[in-house]
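# Descriptive analysis of the structure
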Amino acid sequence: MGLSKVRDNIPYYSDDLSTPAEGDLRTYEVFVQTERGKPHTYCGSVDAADDEMALMFAREHFGRDQECVQVWVAPRDAVIRTDYDKDLVFRLTDQSYRFAKGYNVGMKWREFREQRDYDEYKKEDLREHF
Amino acid sequence: MTDLADAHKKPLVQLLFSIADDKLVLGHRNADWTGLGPILEEDIAFSALAQDDIAHAGAIYGLIADITGGDADHLAYGRTANTYRCCDLVELNDEFDWAVAVVRQFFCDHFEHLRLRRLSRSNWTKLRQLASRMLAEENLAIGHADQWIVRLAKSTSEARGRIQHAVTKLAPLTPSLFEPTEGMADLEAAGVYPPLEAPMFDAWESMIANVIDETGLRAEFRAPAKDYVGGRHGKHSADFAAMLSEMTEVYREEPAAQW
Amino acid sequence: MSVSAGDNIKLDWDRQEDEARLEEFDARIDRGELIEADDWMPENYRVGMLRMAEHHANSEIVGALPEGEWITRAPSLKRKLALIAKVQDEVGHGQMLYRVSQDLGKPRDAMLRDLITAKTKYHNVFNYPAPTWADVAAIQWLVDGAAIMNQKSLADGSYGPYVRTMKRINMEEAFHFKSGEDMVLTLMSGTPRQKKMMQEAFDRWWNPCLMFFGPPDKESVKTGPFMRWRIKTATNDTLRQKFVDRFAPAALDLGLKVKTYQRDAQGVVQRNPDGSAIWTIDEALHPIESEKRWGFSQPDWDEFYTVIRGGGPLNRERVGLRRFSYEQGAWVRRAVLGRPTGAPPNRN
Ligand SMILES: [Fe+2]
Ligand SMILES: [Fe+2]
């Protein structure tokens with residue numbers, strides 16, 4: 001017993017296609033959120049005729065087989081971007097003044113407080129932002 | 001209710017077979033499209049829905065196995081043709097006509113939704129819980145089918161013509177969905193398979209109409225005749241025999257072996 | 001008349017690039033930075049990358065076909081679901097790789113049309129037949145295993161969108177590979193008939209997998225621009241050796257025999273009347289302690305070139321089925337594109 005009739009009788013044509021090129025659908029960027037409360041992350045793109053179709057495709061392609069609680073799609077041309085070469089984004093001059101780690105207060109405290117008291121006080125610092 | 005009354009076991013197994021067999025056969029048909037769909041993204045989506053159907057079938061075979069003994073694979077692959085309870089509509093070979101595949105999915109998913117809605121109100125706890133989980137996924141499938149029907153029917157005259165043709169071709173097979181399985185009335189009366197507010201056929205027809213009314217597609221449906229005997233009683237279409245033999249080709253080589 | 005976008009996508013080493021930008025680009029590659037679609041890149045880098053991504057995408061799409069025909073016959077619910085998911089993944093890989101290629105300048109439609117009119121190629125390995133269920137096991141273990149080795153090296157490449165796609169793809173390949181391994185193990189612990197079936201399938205796929213990595217390296221390849229720009233990151237021979245080192249001892253431990261082409265005294269490959277190879281135990285297959293590698297016999301490279309030129313056992317069937325799918329689905333795309341794209345061919 002073989003395959004369904006159709007698969008068993010696929011014709012082969014070596015000629016060129018008689019239909020003109022079709023062109024592509026619109027490209028949408030896809031973002032998924034793996035858990036409520038977590039940020040959405042970019043995961044790829046799909047081609048679709050419109051928003052509704054893009055959302056359906058994105059859901060099935062990027063949302064179903066791994067953990068996902070929400071899917072966003074946005075038409076690529078609606079995502080406005082800077083240019084790697086032309087647009088400077090991050091400041092190049094010294095900006096230690098706007099980071100916590102730019103302030104060395106430990107030495108200065110020493111003049112006023114015991115190390116033990118300072119350590120106790122320091123516990124509430126937002127260490128992860130240094 | 002945590003335990004199922006003995007008297008309900010036999011009719012419930014018949015009902016569950018009709019659902020599992022429908023889903024297995026429909027999933028089998030639709031999965032054959034994997035790799036051959038009309039648009040790559042849709043290929044992926046259609047295949048995901050076929051996986052849902054087969055996964056649902058597997059879960060229901062598992063439930064049947066809890067009642068009767070045996071295991072899900074043997075129930076899916078190892079029965080004789082006349083003990084399958086699927087209907088003509090799912091058995092039909094779509095021959096890679098995408099209009100037929102999508103219209104069939106549309107008809108079947110709305111029907112499945114109703115069946116699962118009823119089961120999700122069953123007084124047998126185990127069944128109620130399983131059906132509720134499946135219902136959520138079934139609604140995804142409905143959204144997919146509705147979107148395609150409306151989109152294609154409202155686009156080019158070519159697409160509209162193909163969808164109309166498929167509707168006209170498949171509508172006469174839809175009564176096969178509604179053929180009651182053996183002993184269904186008892187399950188309804190006992191609350192194992194509670195009825196809807198309206199008869200199944202009416203509820204289904206109005207769901208279908210809700211979608212196609214805005215498209216202008218023409219369709220006429222009718223409930224099965226009183227004396228209709230079809231898949232739910234083991235009388236299957238010619239396409240079914242070919243499908244079953246293809247599906248079990250490898251399994252039958254060594255039914256006792258692990259694969 | 002069909003227009004192919006492939007016509008104007010050619011490598012041209014005489015092309016003049018802006019010296020300063022080229023130098024800056026090369027320096028970025030040397031620093032291990034990833035190139036993004038928006039970045040300036042030499043035309044030959046873009047074309048080379050596009051060709052590689054397109055060939056890869058084509059291979060995923062055609063690669064779905066040999067196993068796809070077993071979906072309807074998978075012998076258990078779990079195997080059926082796994083196989084559908086696996087084939088669906090390959091289509092997904094194709095989709096992602098076509099997206100990468102589209103952003104390098106060629107429309108997806110043009111790529112699909114070039115594929116089904118045999119203007120572009122896909123991986124040779126998919127032109128071989130998969131006549132039994134054990135072939136599905138062999139493909140998922142050996143071909144996906146080979147693909148992982150290849151794709152792991154490609155994930156070290158220099159083009160950001162391709163590298164990220166490789167990483168996501170490899171996550172899914174890990175499932176394909178384990179599923180294949182599980183099937184091979186199951187069949188090799190099964191009945192005598194199942195073992196025989198597995199051995200025969202292994203015979204059909206071992207040599208195509210050796211060819212999977214491409215012909216033996218020419219010196220020029222190792223120093224050429226594709227390696228320099230990290231479009232390719234490992235040579236064919238290196239990957240092939242890695243493959244043999246991993247799979248040959250595993251296969252032997254499973255009780256499989258590893259075979260090569262039967263050749264006459266002059267080294268000419270012997271074949272059955274239908275053109276299929278005659279297999280014989282590979283006597284060269286043993287560990288070479290001093291080199292810390294496994295020795296093995298090279299496949300028949302003439303066969304490789306025959307298949308590449310379209311003369312493989314199933315080139316016509318694979319391309320034919322893809323073309324059937326394209327033509328069969330054209331009305332759907334016409335409908336969603338919302339504009340006519342010409343009359344359907346009358347055979348539709
Ligand atoms: Fe892949
Ligand atoms: Fe794979």
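Analysis parameters
Residues numbered from 1 in each chain as written. Chains lettered and ligands numbered in written order. Predicted model: local features only at pLDDT ≥ 70, side-chain atom pairs only at ≥ 80, totals over all residues. Heavy atoms only, no water. Helix = DSSP H or I, 4+ residues; strand = E, 2+ residues; numbered from the N terminus. Rg over C-alpha atoms; globule rule 2.2 N^0.38 Å. Buried < 20%, exposed > 50% of the residue type's maximum accessible area, 1.4 Å probe, protein only. Contact = heavy atoms within 4.5 Å. Buried area = accessible area lost by both parts, 1.4 Å probe. Salt bridge = Lys/Arg side-chain N within 4 Å of Asp/Glu carboxyl O. Polar contact = N/O pair within 3.5 Å; in protein donor to acceptor, adjacent residues only side chain to side chain. Donors = N, O, S within 2.8 Å, 3.2 Å for Na, K, Ca; no water. Tetrahedral: all angles 85-135°; square planar, octahedral: opposite > 155°, others 65-115°. Axes fitted to C-alpha atoms, helices over the stretch in contact; angles between N-to-C directions. Parallel < 35°, antiparallel > 145°, perpendicular 65-115°, else oblique. Left-handed = near helix turned anticlockwise from the far one by under 90°.

Next up on the list: the overall build of chain A. Secondary structure assignment for chain A yields 4 helices and 3 strands. Against the 2.2 N^0.38 benchmark of 14 Å for 130 residues, chain A shows a C-alpha radius of gyration of 28 Å, more extended than a compact globule. Each principal axis of the C-alpha atoms in chain A carries an extent, and together these give about 90 × 45 × 25 Å. For chain A, the proportion of its 130 residues judged to be buried stands at 26%. Pairs at least 24 residues apart make up 40% of the contacts formed inside chain A by residues separated by at least 6 positions.

A separate point is the interface of chain C and chain B. How big an interface is tends to be stated in terms of the accessible area lost upon association of its parts. The interface of chain C with chain B comprises 46 residues on the first partner and 49 residues on the second. Of the roughly 4100 Å² buried between chain C and chain B on both sides combined, carbon and sulfur atoms contribute 65%. When the buried surface of chain C facing chain B is broken down by residue, Thr72(C), Leu77(C) and Trp331(C) rank first, second and third, together holding 19% of it. If you look at where chain C meets chain B, you find 4 salt bridges. Residue Glu249(B) pairs with Arg73(C) through a salt bridge whose shortest N-O separation is 3.5 Å. Summed over the shared surface of chain C and chain B, the number is 19 residue pairs in polar contact (both at pLDDT 80 or more).

All right, on to the interface of chain A and chain B then. Listed by partner, the interface residues are 20 residues for chain A and 23 residues for chain B. Here chain A packs against chain B, burying approximately 1900 Å² in sum over the two surfaces, 55% of which is carbon and sulfur. Summed over the shared surface of chain A and chain B, the number is 5 salt bridges. A salt bridge links Arg7(A) to Asp32(B); its shortest N-O distance comes to 3.0 Å.

A separate point is the coordination of the iron ion (ligand 1). Residues and elements named next belong to chain C. On the protein side, the iron ion (ligand 1) has Glu60 (OE), Glu90 (OE), His93 (ND1) and Glu173 (OE) as donor atoms, found 2.1 to 2.3 Å from it. One can describe the donor arrangement at the iron ion (ligand 1) as irregular, given that its 4 donor atoms subtend angles of 78 to 158 degrees at the metal. Read in sequence order, the donor residues coordinating the iron ion (ligand 1) give the pattern E-x29-E-x2-H-x79-E. Separating the iron ion (ligand 1) and the iron ion (ligand 2) is a distance of 3.4 Å, and Glu90 donates to both of them.

The next thing to look at is the coordination of the iron ion (ligand 2). Residue and element names in this part refer to chain C. Protein-derived coordination of the iron ion (ligand 2) comes from Glu90 (OE), Asp144 (OD), Glu173 (OE) and His176 (ND1), at a distance range of 2.0 to 2.2 Å. Each of the 4 donor atoms bound to the iron ion (ligand 2) contributes to angles spanning 85 to 166 degrees, and the resulting shape is irregular. Each donor residue of the iron ion (ligand 2) belongs to the same chain, and together they define the spacing E-x53-D-x28-E-x2-H. Looking at Glu90, the relative accessible area reads 6%, which means it is buried.

A few words on the packing of helix H2 (residues 40-68) of chain B against helix H5 (residues 98-119) of chain B. The packing of two helices is summarised by the inter-axis angle and the distance between the axes. Residue and element names in this part refer to chain B. Following both chains from N to C, one finds H2 and H5 inclined at 40 degrees, their axes separated by 13 Å at the closest point. Classed by the angle they form, the pair H2 and H5 counts as oblique. Handedness of the crossing formed by H2 with H5: left-handed. Every residue of H5 that contacts H2 at Glu42, Phe46 and Leu49 is listed here: Trp98, Ala101 and Gln105.

So, about the environment of Lys10(B). Structurally, Lys10(B) can be placed in helix H1 (residues 6-31). Along the chain, Lys10(B) and Asp97(B) lie 87 residues apart, while their C-alpha atoms are 38 Å from each other.

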